[in-house]
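Inside the fold
Given next are the chains, with one letter for each unit.
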Amino acid sequence: MSVLSSALVRVLTLLGVAAAFLLPTTAADASAPLRTHAAAKGKFIGTALATSQLANEASYRTIAAQEFSQVTAENAMKWESTEPNPGQFTFSGADQIVNFATQNNQQVHGHTLVWHQQTPGWVQSLGATQMRSAMQSHIAQVVGRYASNATVTSWDVVNEVFDENGGWRSSFWYNTLGQSFVADAFRAARAADPDAKLCINDYNVEGINAKSTAMYNLVSSLRQQGVPVDCVGFQSHLSIQYGFPNDMQQNMERFAALGVQVRVTELDVRMQMPRSSSKDTTQATYYRNVVNACLAVTACAGVTIWGFTDKYSWVPDTFSGEGAALIYDENYQQKPSYTAVHDALAGGTPTDTTPPSTPGTPTAGTVTSNSAALTWTASTDTGGSGLAGYNVYREQGATDTLLGQSTGASITLTGLSPSTQYQVYVRARDGAGNLSANSALATFTTESGPGGGGGCTAAGTVQTQWGGGYVVQPVTVTNTGTSAITGWTVTFTLPAGHTLVGSWNAGVTVSGQTVTAKNANYNGNLGPNATTSFGFQVARPSGDTQTPSGYTCA
C-alpha cells in the first residue's frame, strides 16, 4: 500500500476512518491483534497509556503498540500536567504519547481540557472573567499545539459536568461561570483546531438513566445553538456486582440520532477481590457486550480500554477491595476478557451455543395494586459466555409480553394493572444471547388498589430556560398519606405550542398538551412523607415564556 500524506490521513480520520485503519478490510486472521480485527470492522480499539511505563517497560510498550490502534494519555494532557502555573506550558509528557502513537501508526484522543479534577488551584480561585479567559487560553495553547498533527484526531473538551441525578455538578467551573462554560469551551476548541472531533465525556451514562438523559438533552440543546459538539464519550467504568447496562446499544442509538458520533472512552470492568474463574467469566461477558454494542451502531467509532494490565489499574486505589479490571493480568498475561474482546471484534459464529439451565419456578412475594416481587432458583451456564441475567414474561398465548429483566434471581415488576391475574415465567440468558427453556408458571393477582391513607402531591420547578425551551427539574412527588404507596401518576398541562423533548426518572406519555408521568421501577415505593423526583425538557416557540401548570398526583 502506498504511503499516504499526513493531510490525507487527517481527512480520512475526520470521515470516520482512523489512521490505523488504512488496511484492506478483508477478514482478519483469527489470531491477529485486536487492532487488526477492529480495523476490519471500521472501528478503533484503544487504551490509556502512562508515560512512566512507556519509558521503562518493554512489555508495556510492545503490547501497547501491537494491540491498539488508538491511545489516550492517562494524565499527560490534563491541565495540571500541561499548564501547572499561569501561562507556563509544558508538553514533554503529551509529546511522548503523541510520538509513540505516530511511530506505531496510531491515533491519539486528547484527554481532557476542562474538568473539575486535576486542575491547578490557581485556576479554581479565579473570578469569572479571569477564569473564562484562562480556560480559552489553555484550550487555544493545548489544542493548537497539535492542530496540524495528523496523529491527534479528537479531544475530550469537557468532562463530567453532571451529578448522578442529572443535575449540574457543583464544580468550580459551574459555580463561577454557570452552564455557559461548556459552550465556550467547545467554541474555543473548534477555533484552535477546525478539524478535530470534539467530545463531551462522562461516567454512568452508558445506560438510559437520569444522568444520560441530562447529557442527551444538553447535547441536543448545544447542537441546536450551533455549538460544535461532535461526539459523546461513555466512560463505562463497570463492575460485575452491579449488573450490565443492557440498554447500552439503545442509548448509543438515541445519541447517534442527534447527529453525533459516540464512543466508549474509558472501559474497565472491576470485581470484588479475590479474582475467580466465575468472576473472570462474568467480566468477559461484560467486555464482549460493550464491544458488541459498539459494533452494532454505525456511529460508534470504537472502544478505548482504560489501561490494559491489572498491574497499573487505577481501580484498587479508588475502590477498596476491588480490582482485576483489565484484559491482561499483572504479569501481562491475557485474561478471558482479552479473548472476549478479540472474538467479538473478530466476529464469526459465537463459540457458545449452549443455553443456560432452566430457572426455578418463580415465587410471588409482596403483591400490590401495581407491583409484584418475584424470586426463583438461579440458573447455571456451562457454555463459556457466562450467565448474563433473566427475562420475565407474561404468558398470553400466541404473543407473550416481556415484563422485565434482571441480572439476579429476583425482580420487582411494576406498572401492573389492579385486580388482574398474571401468569409469568422466567428464562435465563447468557453472554452469547442464548435463552434457557421456560420456567414453570407462577400465578398471582394484583390488589384492587392502594391501602387506605394514601395520597400524594407534585410540584415542579423550572431549573433553566432559554429562548426556545426549558428544563423542569425537580418535579417533586410527595407521599402525603399515612401509609406507604407503591406507585404514583403525575399529570400536568403543557402550554399551547410546547413540545416535550425528553424526560428522566419517569415513564411519560403525551396526549395533546396533557402529559402523564408514571413512576419508574425504582422510585414508586414511598413511605409516608417520603419524596422522589423526576424531570423533563420542553421545546417552545421563540419568545414564549410560559411553563407548565396544574401538577396533580394520584
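This text follows the structure it describes.
The rules behind the values
Residues numbered from 1 in each chain as written. Predicted model: local features only at pLDDT ≥ 70, side-chain atom pairs only at ≥ 80, totals over all residues. Heavy atoms only, no water. Phe/Tyr/Trp six-rings, centres within 6.5 Å; stacked < 30°, edge-to-face > 60°. Helix = DSSP H or I, 4+ residues; strand = E, 2+ residues; numbered from the N terminus. Buried < 20%, exposed > 50% of the residue type's maximum accessible area, 1.4 Å probe, protein only. Salt bridge = Lys/Arg side-chain N within 4 Å of Asp/Glu carboxyl O. Expected span 1.5 Å × (residues − 1). Contact = heavy atoms within 4.5 Å. Disulfide = S-S within 2.5 Å. Pairing = 2+ DSSP bridges. Axes fitted to C-alpha atoms, helices over the stretch in contact; angles between N-to-C directions. Parallel < 35°, antiparallel > 145°, perpendicular 65-115°, else oblique. Left-handed = near helix turned anticlockwise from the far one by under 90°. Nonpolar A, V, L, I, M, F, W, Y, C, P; charged D, E, K, R; others polar.

1. Points about the packing of aromatic side chains
- Scanning all chains against the criterion turns up 26 aromatic pairs.
- Between W79 and W173, the aromatic rings sit 5.9 Å apart at their centres with planes inclined by 40 degrees, giving tilted as the arrangement. Highlighted residues: W79 in helix 5 (residues 79-82) and W173 in helix 9 (residues 172-177), separated in sequence by 94 residues.
- For W79, a relative accessible area of 1% gives the class buried.

2. Considering the pattern of salt bridges
- Applying the stated rule across the entire model yields nine salt bridges.
- As a salt-bridge pair, D184 and R132 come within 2.3 Å of each other at their nearest N and O atoms. With a gap of 52 residues between them, D184 in helix 10 (residues 180-192) and R132 in helix 8 (residues 128-145) connect regions that are remote in the sequence.
- Judged by its relative accessible area of 18%, D184 falls in the buried class.
- Between E164 and K211 there is a salt bridge, and its shortest N-O distance comes to 2.6 Å. Of this pair, E164 sits in the loop between strand 4 (152-159) and helix 9 while K211 sits in helix 11 (residues 210-224), and the two are 47 residues apart along the sequence.
- Under the relative-accessibility criterion, E164 is labelled partly exposed at 42%.
- The exposure class of K211 is buried, given its relative accessible area of 1%.

3. Quick word on helix 13 (residues 277-295)
- Taking 1.5 Å of rise per residue, 19 residues should cover 27 Å, and helix 13 covers 27 Å from first to last C-alpha, within 8% of that figure.
- Turning to helix 13, its buried residues are D280, Q283, A284, T285, Y286, Y287, R288, N289, V290, V291, A293 and C294.
- Residues of helix 13 that are buried make contact with strand 7 (237-239), helix 12 (248-256), strand 8 (261-272), strand 9 (300-305), helix 15 (336-346) and strand 13 (387-394).

4. Looking at unusual backbone geometry
- With an omega dihedral of -5 degrees, the bond running from H111 to T112 counts as a cis peptide bond.
- In this model, N105 sits at a positive phi of 55 degrees, which is unusual for a non-glycine residue.
- Within the secondary structure, N105 sits in the loop between helix 6 (92-103) and strand 3 (107-110).

5. Some points on the state of the cysteines
- As enumerated under the stated definition, the model contains three disulfides in all.
- Each sulfur of the disulfide joining C199 and C231 lies 1.7 Å from the other. Taking the sign of the S-S torsion, -70 degrees for the link of C199 and C231, the bridge is left-handed. Taken as a pair, C199 in strand 5 (residues 197-202) and C231 in strand 6 (residues 231-234) lie far apart in primary sequence, 32 residues in all. For the pair shown, C199 and C231 are each scored as buried.
- The disulfide that involves C456 links it to C553, with 1.9 Å between the sulfurs.

6. Structural notes on the sheet that holds strand 15 (residues 410-414)
- Spatially, three strands are ordered 11-12-15 in an open sheet, and the strand pairing comes out antiparallel. On the outer flanks of this sheet lie strand 11 (363-367) and strand 15, each paired with one strand and no other. Neighbour-to-neighbour, the strand axes of this sheet turn through a mean angle of 25 degrees, independent of strand direction.
- Of the strand pairs in this sheet, strand 11 and strand 12 (residues 371-375) are connected by three bridges, and their pairing is antiparallel. Note on strand 12: the bridge partner recorded for T363 is T375.

7. Brief notes about the sheet that holds strand 19 (residues 469-479)
- The strand order 18-19-24-21 describes an open sheet built from four strands, whose pairing is antiparallel. Edge positions in the sheet fall to strand 18 (456-466) and strand 21 (499-504), since each of these pairs with one other strand and no more. Along the sheet, successive strands turn relative to each other by an average axial angle of 25 degrees, direction set aside.
- Pairing of strand 18 with strand 19 involves nine bridges; the strand directions are antiparallel.

8. Focus on the environment of Y393
- Tracing the backbone shows Y393 in strand 13.
- Assessed through its relative accessible area of 13%, Y393 is described here as buried.
- A C-alpha to C-alpha distance of 5.5 Å links Y393 and V424, two positions 31 residues apart in sequence.
- Ignoring anything within four residues of it in the chain, the contact list for Y393 reads D400, T401, L402, L403, Q423, V424, Y425, R427 and L435.

9. Some remarks on the packing of helix 12 against helix 13
- Close contact between helix 12 and helix 13 brings their axes to 9 Å; oriented N to C, the two are set at 30 degrees. As summarised for this structure, helix 12 and helix 13 are arranged roughly parallel, according to the angle between their axes. The way helix 12 lies across helix 13 gives a crossing that is right-handed. Mapping the contact onto sequence places M248, Q249 and M252 in helix 12 and V290, A293 and C294 in helix 13.
- A per-class count over the contact of helix 12 with helix 13 returns five nonpolar, one polar and no charged.

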